Every structure is written in C-alpha cells, then in structure tokens.
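Now for the letters of each chain:
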Amino acid sequence: MRLLLRFMGFLFAAGTIVFLVGVAAAAGLIWHFSKDLPDYTQLQNYEPPVMTRVHASDGSLLGEYSKERRLYLPIQAVPKLVINAFLAAEDKNFYEHGGIDYSGMLRAALLYVQNLGSNKRPQGASTITQQVAKNFLLTNEVSFTRKIKEALLAMRIERAYSKDKILELYLNEIYLGLGAYGIAAASLVYFDKSVNELTVAEAAYLAALPKAPSTLHPVKNHDRAIERRNYVIDRLLENGWITQADAEKARKDPLIVTNRANGAHTFAGEYFAEEVRRDLFERYGEKKLYEGGLSVRTSLDPKLQGIARKTMANGLVHYDEAQGWRGAISKLDISGDWGVKLADVKSLSDISPWRMAVVLESNDQSARIGFQPGRELGGAVSKERQTGLITLEGVKWAKAASGPTRGRTPTKVSQVLSPGDVIYADPLIGKDGKPEEGQYRLRQLPEVSGAMVAMDPWTGRVLAMVGGFSFDQSQFNRATQAYRQPGSSFKPIVYSSALDNGYTPSTVVVDAPIEIDQGQGVGVWRPENYSKEKYYGPTTLRNALKRSLNTVTVRLAQDIGMPLIGEYAKRFGVYDELPNYLSYALGAGETTVLRMVTAYSMFANGGRRVKPTLIDRIQDRYGHTIYKHDQRECRGCDAPGGWKNQPEPQLVDHREQVLDSMTAYQITSMMEGVVQHGTAASAFSGFGRPMAGKTGTTNDQKDAWFVGFTPDLVIGVYVGYDKPRNLGRTATGGHLAAPIARNFMNLAVAGKPAAQFRIPAGIKLVRVDSKTGMRAAPGQTSGTILEAFKPGTAPPDNYSVIGVADVDGRMPPPPDADRSLFRPGTGGLY
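Residues numbered from 1 in each chain as written. Predicted model: local features only at pLDDT ≥ 70, side-chain atom pairs only at ≥ 80, totals over all residues. Heavy atoms only, no water.

Section: the packing of aromatic side chains
Each aromatic ring pair is characterised by the separation of its centres together with the angle its planes make.
Argument step 1. Under the counting rule described, the total for this entry stands at 19 aromatic pairs.
Argument step 2. Between the aromatic rings of Phe191 and Tyr205, the centroid separation amounts to 6.4 Å while the plane-to-plane angle is 80°, which identifies the pairing as edge-to-face. You can see Phe191 sitting in helix H7 (residues 183-191) and its partner Tyr205 sitting in helix H8 (residues 200-208), a full 14 residues away along the chain.
Argument step 3. Under the relative-accessibility criterion, Phe191 is labelled buried at 5%.
Argument step 4. When the centroid spacing of 5.9 Å and the interplanar angle of 80° are considered together, the rings of Trp325 and Trp397 count as edge-to-face. On the criterion of sequence distance, the pair formed by Trp325 in the loop between helix H12 (302-322) and strand E6 (330-331) and Trp397 in the loop between strand E9 (387-391) and strand E10 (421-429) is long-range, its members being 72 residues apart. Judged on exposure class, the residue Trp325 and its partner Trp397 are both buried.
Argument step 5. Site record: aromatic cluster; members linked through ring pairs are Phe572, Tyr600, Phe603, Phe709 and Phe757.
Argument step 6. Above the ring of Tyr536, the side-chain terminus of Arg547 is found at 4.1 Å from the ring centroid. (Phe/Tyr/Trp six-rings, centres within 6.5 Å; stacked < 30°, edge-to-face > 60°. Helix = DSSP H or I, 4+ residues; strand = E, 2+ residues; numbered from the N terminus. Buried < 20%, exposed > 50% of the residue type's maximum accessible area, 1.4 Å probe, protein only. Lys NZ or Arg CZ within 6 Å of the ring centre and 35° of its normal.)

Okay, structure coming up:
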C-alpha cells in the first residue's frame, strides 16, 4: 500500500513538474513570439486606401480613382444579411469566441496530419479576428510561426476592440476580386448595387469570395462559383439566418454579374473627368488622389455636357465629310469567323451610336456589314453576330477625297465599299426623323478636331467641356492644353482697352491700307482685312468690330499702345505676357479656349474677375470640406435664433473689378452687333435672344473661332487640325465655329426665359447715326442706333478720324462719302 502511495506521489510530482515545465515552455514561447509582434493599437487609427469619387453637379457619378477600389462602410451601415453571409462563410462563432476557435484549430490539425506528405496547402482555422491580424499586421507566409503570432495578436485585438469594430475592419479590408476591396466596392463592381440592394444569392456569392476570389470568377469558373455560393446559402439556412423558401430561391438564382465601368460614368464626360483628375493630382498629390477617399462635387451639368458633345461632334463630322471619303480604316480577312477577327481590332468606345463593322458583301445597291461583337466579362468574344445594310443613301456623302474621281458623288455602293473594309456605321435616319430598321449610314472619323467650353459667367463654373472628337482616340484636351491663335476673337480685348481709356463706340478710325516698318532687316508689314481689297474708309469702332476690320484694329492699337493692351490681356487671363508687337492685337498670340471663355465671362458679368473652375467642393473621407470655389461672403446667412423678421442675407462679392462695368456693357453691346449684323450674323440668324460674341479666323484659315455669350451662359468653340493646316477658303469662324456654337445655344437655352443684358447705372443711351457715329439729327429715325455712352462722354458733333489726314492736313470725309476717292496703298485720300 505504501509502495502504491509512493508511486502515486511520484506520478503526481512528475506530472506537476511536466506541467510546470510545459507552462514555462508555453510562457517562453509566448514571450519569444510576443516580443516581435506588431503594434496592434495602430488599428485604432487605421485609414485604409479609399477611392476618390467625382460627381457631376446633379450628384451623378462622373468618375472613380483608386489603386484599390474601396469604399469604407461603417458596420452600422452594413445590412444584417451581408453580415450573416460572411459569418456563415468564414466564422459562424465570431460573436462567441475570444479570437481563437479551438474546435476549428483541432479540425485543421487533423486534416494537416491526414494530408502530411501530399504537398497540399494546409487548411487554416483562422477566425475573422485572426484574418484581421494577418491582413493588417502580418504577411501571407504559410508557417506555424505566423499562425502563432496570428493567434496571439487575435487575443490581444479581442481585448482591445469590440466585435463590431473588428468585423468592420475585416469587411472593409478583404480583397474580393476584380480589383475590389471591401464589400461596398465589391457590391458595385460585381452587381452595380449598394450593399442594401443585394439579394440573398448575391450576398452569399460575395461572402464566398474571400477564400479564393480568382478561382471563383463568375465567368471563367462559373460552376465552381455557383457551388461555393450555394455552400454559403446552405450555411445561412443551417444557422437559421434565412428561411427554407429564401434558400431554395437563392440556389435557383443565376449568377449574373453587371461589371461596373472604370472610366467616366457620365456620358461624354471623359475630358472633363480627366481635367478634374489632373487638378486633384496637382493639389494633393498621387497618394491623396488615389487613396484619400476624396468626395468631389464638380460644376459639370450632364445635360449641357451631352449637348456640347453632340453639337461639337456633329460640327466636326459635317466639315470632315465635306472634304470627302478617305477610305476604310483597314482591311480584314473575312473568311471563317469574321467576328473573332473584328473583335481584335481596336475600336473607339465613346462615340456611340457609331459602331465598328466590316463589309461582308458589296454590290451596286448595298453592302452587307457585320458589327464588332462585344466581349464577355472573362474576355471571351461574344458568339452573337449582328449584321445590317448600307444602301446608296448611306454613302451619298462619300465623295472621293483624292484621285481622278475626287469630288464626284458616288452612284454605286461598290464604288465606296468592298468586302473586308473595316468601317464605322450608325443607324440611317429616315425623312421622318426615325432610324430606318436594319439600315445604316457610313461614317468616317474626322481628321479635323477642336474644342468647346461652356461657362457660367457669374461664377466661372465650367458647365460643359469637350476636348476633342473622342477621348478614347486622343486624351489630349484641346480645351485646356491646345494653345492656338484666337485671331479676331481677341479684338474685343483691344477694343475694351480703348473704351476703358476714353474712347467710345462712336470713335472713328480709318479703314485703309497701312504699312508698318518693323525695323532694319525685318521688312515692312502690311496687315490686310479678310476681304483683301475692300476698305471702308473712316469707320466707327462699332462697325469696325462688326466687320472685323484688321487695319482699324492695328491703327487703334498704335494709338493706345501695345503695353496697355498687354496689361488688359493679362488682366483677363488671355495671355501671361503679351509681346509689344502690333500683330498680337490681331490675335497672333496663342491661348486656349478655356482662357478665352473666361475672358468673355468678364464682359458678360459686368467686369468682375472670374476664376475658371471645374470643381465646386472637395470633402475628405470624413466629410469635412477642404476646398470650396465660391468665396463670396454671406452676411446674415447664420441665424442661430431662427427667423425673426431680420433683413435678408446679403452675398458680398469681394472679387476684383478688372473692367469698368460701363465699359463691359459697351463692348457687349458692340458684340451684339457682330451677332446681329456682322461676321456671326448668318450663323445666328433667327436665334431670337440677346447674344453677343466675336468670330475669329487666323492666317491661312488654320483656326476658326467663335466666343460668345447670353446674359447667363458663355460658349467658346475652336476648330482646327492638331497639326495646323489650311481648313479651306471659306472655313472662317463665322462659317465653321459659329454654327456649332449656335446649335449648342439653341438646345442649351430651350425652354428658358430670355434674359436681357443688364445696363449698369450711369450709362446713357443716345441715338446716333449708325455710319458716322455722330448724334442723330432731330427727327432722324432711319439709319440710327441707340449707342451706349459713359458719363462725361457723348457722340461727336463734328467729325474727327483717328489714323489718317489728307495732304492738306484736313480730315477725310465722313463714312458715307464716295469710296472711289480712296487711293489704295497710300493710306491717304484724294
């Protein structure tokens, strides 16, 4: 008995020693692995990379920018269905364990022993807390060392943070495939839905992805993805989180993915979105742009942007088609499956309703074409093949651009198209304005390009921007990056400089040939009017601007001096520095459409400085406003005690007055004459609203411009080749750019009341003779206009002319004198 007791005592002592040694060993291991553990407290201040989202003025999504497509979603905003789906798939005991699931660890250990030597990857037993520890603080290394560290960190994290906080970190960090991080981004990427709109089947599929998103691709591995999704549905049912009916319906639901685009989400907004991206990059740098979770509200008006895109593209296509058909894009072997071959040809994705096609058959009456098939989510070419017909009506415009048949209208379709030709086509519009079923029109990508900007003149907000025919074809933004000569559209800057310094719209300057000696070795410069041989003699500034007379502008620039014009050009932001050469008064310097539109906005708003902006407001990831464009002071807007019959709030505008408001009205009135009776009159005939503007055509017709405005909207258009070349003899600003602007304005102001230009206090409207600029005689009505004069100025009672005197020192006769007295080439009069 004593021996038995001694033996039992020995076993107890040995067991105690082993236990203590085990505890010491375990403590040593814990100490060993704990000393190198990362600081888990950093999770408290964790700011994951979140994508920046850019919105139009109406709140519609314009673009998203990120390295990891992630939207951070607080746990309170995650639906219970989504939470349960992830718990069912990953850790059903999450809310019960302390960070480690011991039953799961035992199960994984048994599987490890069974698979020993099989080269199979060991199955993990990680809880959601352990996955948070791994994803945030450790690596993906497969080792016992990492698992031990993971378990130790999980227990510490559980003591430091609530279960909801841990789950929030997990649901926003996990990678779920297709570039999506976190459930909010994945819901948008896979199903184009918010998490609150997900069905049971969709939530179950997302919950299935964390294990292996690449092997559960909804197209490439469709069957496996369905199998794993249904497994999660079964676990939801088993845990009592959905009903039997819900489970059966979810299993039957097809797995249909609606892939979300990465580019601009507002149609035709690509150039605008890219300009915003560049602005954000310059302001905040790459990291904040792609990881900072900025929320950007832009000034873009989607309706106006669509109008701008349509009218600009139509204008470019109309001009280009008039130059003739240059031939197919390329040639394709149409034997076998032509769809697969055509799918490999790069096409433009942003010129809808145009579609790429290949000619399959061609005869005298028609050509049968096959359209480029789309691609499925996995990249495979769609098996669907769509065909159509191009009849003679669809190629009538396609006159040969070169060769012996140049300029001839085709009489047969086969003269234009042959089998294998790769082309673009869009639905043929019938006489009733509706598409002809199954019939298409041949299209050609225009060689000519251009840009358009629409702006609110009171705030500088850019409402629409078109930087070219296709962003997919060229990302070069011609509205902001193309520096072109504005030609005569710069003249209002010259004339406003004069009006602001003592001149009036009735000031008379001679229109006659002029020679400028440019100095030794440079030669003589002889500026000419567009009409070359036609001169009008003494001409008022109003009529000179209306007719866009170059010689008058040069004489005026001589009289007031180029340094003064340069100062005004700088004030208006057209040029940073204007050289003191007279040719620059005719728009020989280079500037952008955006700069010109900004300058004209200051005419329209009464001379106040405007700063052009594409961005209204920027908020950080926490919703704090970090930038706001509108800097006006609102006095009385804050009313802590509510409305108590106090005076109405007042907006105080501290912006600089760059031009006298009366001068701004005078030049606006003069530019109304350009639109009503001058170089833009044919384009705006019948417009029926107050409109002011100026055309511009550069030397050799390389650029055609129009910049103009109504009281509340400014539009600027330029058309020209990227490598400047002659547009054609009749391609002036009035014939090429102004009609595009007119088409835009027609649609932009449709249905809105016609506002009048605001006449500032102090302006006097005096009836004058429209030719001489002198005060109208009593009772004279015909041939007169109401002219705007500032206080202290008035129409002349006697006749004086700037720029010329006859040989006897006498002033030349008034503008209604006989033009045959003019002596060309001398600058004088008989």
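Details of the packing of helix H2 (residues 80-90) against helix H9 (residues 222-238)
Argument step 1. For the pair H2 and H9, interaxial distance at closest approach is 9 Å and the crossing angle is 105°. With respect to H9, the axis of H2 lies roughly perpendicular. The segment H2 lies against H9, with Asn84, Ala85, Ala88, Ala89 and Glu90 engaging Arg228, Val232, Arg235 and Leu236.
Argument step 2. Tallied by class, residues from the contact of H2 with H9 come to five nonpolar, one polar and three charged. (Axes fitted to C-alpha atoms, helices over the stretch in contact; angles between N-to-C directions. Parallel < 35°, antiparallel > 145°, perpendicular 65-115°, else oblique. Contact = heavy atoms within 4.5 Å. Nonpolar A, V, L, I, M, F, W, Y, C, P; charged D, E, K, R; others polar.)

Looking at the sheet that holds strand E2 (residues 61-65)
Two pairing modes exist for strands in a sheet, parallel and antiparallel, and in both the strands are linked by backbone hydrogen bonds.
Argument step 1. Ordered by their spatial adjacency, five strands build an open sheet running E2-E1-E5-E18-E19, and the pairing between neighbours is mixed. Each having just a single partner strand, E2 and strand E19 (625-628) make up the two edges of the open sheet. Strand-to-strand twist of the sheet, defined as the mean angle between neighbouring strand axes without regard to direction, takes the value 15°.
Argument step 2. Pairing between strand E1 (residues 52-55) and strand E5 (residues 295-298): three bridges, direction parallel. In the sheet register, Val54 faces E5, and the bridge partner there is Val296. (Pairing = 2+ DSSP bridges.)

Overview of the environment of Glu787
Argument step 1. If you trace the backbone, Glu787 turns up in strand E26 (residues 784-789).
Argument step 2. A relative accessible area of 2% places Glu787 in the buried class.
Argument step 3. Once the C-alpha coordinates of Glu787 and Ile763 are considered, the two residues, 24 residues apart in sequence, prove to be 9.7 Å apart.
Argument step 4. If we ignore the near neighbours within four places in the chain, the residues touching Glu787 are Pro505, Ser506, Arg542, Ser669, Lys764, Leu765, Val766 and Val768.
Argument step 5. Side-chain polar atoms of Glu787 contact the side chain of Arg542, separated by 2.7 Å. (Polar contact = N/O pair within 3.5 Å; in protein donor to acceptor, adjacent residues only side chain to side chain.)

Comments concerning the side chain of Ser548
Argument step 1. Structurally, Ser548 can be placed in the loop between helix H15 (541-547) and helix H16 (550-560).
Argument step 2. Those residues in contact with Ser548, other than ones at most four positions away along the chain, are Ser488, Lys491, Thr679 and Lys694.

Details of the sheet that holds strand E13 (residues 462-466)
Argument step 1. Sheet architecture is open: five strands sit in the order E13-E12-E24-E23-E22, paired in antiparallel fashion. Edge positions in the sheet fall to E13 and strand E22 (692-697), since each has one partner strand and no second. If you compare each strand with its neighbour and ignore which way they point, the axes differ by 5° on average.
Argument step 2. Against the sheet, helix H18 (residues 593-604) makes contact with strand E12 (449-455), E13, E22, strand E23 (704-710) and strand E24 (713-720), and its axis sits at roughly 30° relative to E23, the strand it touches most.
Argument step 3. Its contacts with the sheet place helix H19 (residues 661-677) against E22 and E23, and it is angled at close to 65° to E22.

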